[in-house]
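Architecture at a glance
Here is what each chain is made of, one letter per residue.
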Amino acid sequence: MIATCSNKTARILALVRLIPEGRVASYGQIAGYIPGVTPRMVGFALAGRGATDGVPWHRVVNAQGGISGHAAGAEQRRRLLAEGVAFDSAERIDRRRFGWPGPDPATLVEMGLDPAAAFALSHRDQ
DNA sequence: CTTCTGACGAAAT
DNA sequence: CATTTCGCCAGAA
């Protein structure tokens, strides 16, 4: 039950929390599910709170499937490898294999979000 | 109250 | 492929 999601930050974290083990999502992808939220806000949400509390922050990478230059980058990479996520020679993750398809439409509705957004999102990426 | 700053993305050029 | 521009939350000092 996800209530009191007035804050965009809370919704972002809630969404990140849904990413299953062995899969990754991009900042932009997460932002895409929540109207009014930009990829930057996703980054801010994770950085500002040190969201290590039940939130799999390491499963959020940039649009290129890589880890941006941040302090916990090394640990992030290590955690992903431990989950079976592979990096190519350019230190990038193949989103066709490890990318998170997104949450179930029902879950989005439950969170007060629009499933159509997810549809548009999956339609965009290639 | 103000100012600073912090894990990004996409389109245009 | 490199560089620029805009988008505009939230917590700390």
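What you see is a predicted model; the values in this text were computed from it and never measured.

**With respect to helix α4 (residues 73-82)**
For an α-helix, the turn length of 3.6 residues means that residues three or four places apart are oriented alike. Among the residues of α4, those classed as buried are G73, Q76 and L80. Viewed along the axis of α4, the buried residues span an arc of 55°, placing them on a single side of the element. In α4, the exposed positions angled more than 90 degrees off the buried face are occupied by A74, R78 and A82. Residues of α4 that are buried in the fold lie against β2 (60-61). Where α4 terminates, the next one or two residues include G84, which has phi positive at roughly 95°.

**Topic: the protein's contact with DNA strand B**
Of all residues adjacent to DNA strand B, which total 14 residues, the nearest are R40, L46, N62, A63 and R124. Expressed as a percentage, the sugar and phosphate content of the atoms of DNA strand B within 4 Å of the protein is 49%. For DNA strand B, a base nitrogen lies 3.0 Å from a polar atom in the side chain of R40. In this structure, a base nitrogen belonging to DNA strand B sits 2.9 Å away from a main-chain N or O atom of L46.

**Thoughts on the protein's contact with DNA strand C**
Close to DNA strand C lie K8, T9, R40, M41 and F44. The protein-proximal atoms of DNA strand C, defined as those within 4 Å of the protein, are 57% sugar or phosphate. With respect to DNA strand C, the side chain of R40 contributes an N or O atom lying 3.5 Å from a base oxygen. Looking at the surface near DNA strand C, the elements that each hand over two or more residues are α1 (8-16) and α3 (39-49). It is α3 that provides the largest number of residues to the surface near DNA strand C, a total of three residues. Here the residues of the surface near DNA strand C are counted per class, giving two nonpolar, one polar and two charged.

Calculation rules
Residues numbered from 1 in each chain as written. Chains lettered and ligands numbered in written order. Predicted model: local features only at pLDDT ≥ 70, side-chain atom pairs only at ≥ 80, totals over all residues. Heavy atoms only, no water. Buried < 20%, exposed > 50% of the residue type's maximum accessible area, 1.4 Å probe, protein only. Helix = DSSP H or I, 4+ residues; strand = E, 2+ residues; numbered from the N terminus. Arc of directions from axis to C-beta. Contact = heavy atoms within 4.5 Å. Near = heavy atom within 4 Å. Polar contact = N/O pair within 3.5 Å; in protein donor to acceptor, adjacent residues only side chain to side chain. Nonpolar A, V, L, I, M, F, W, Y, C, P; charged D, E, K, R; others polar.

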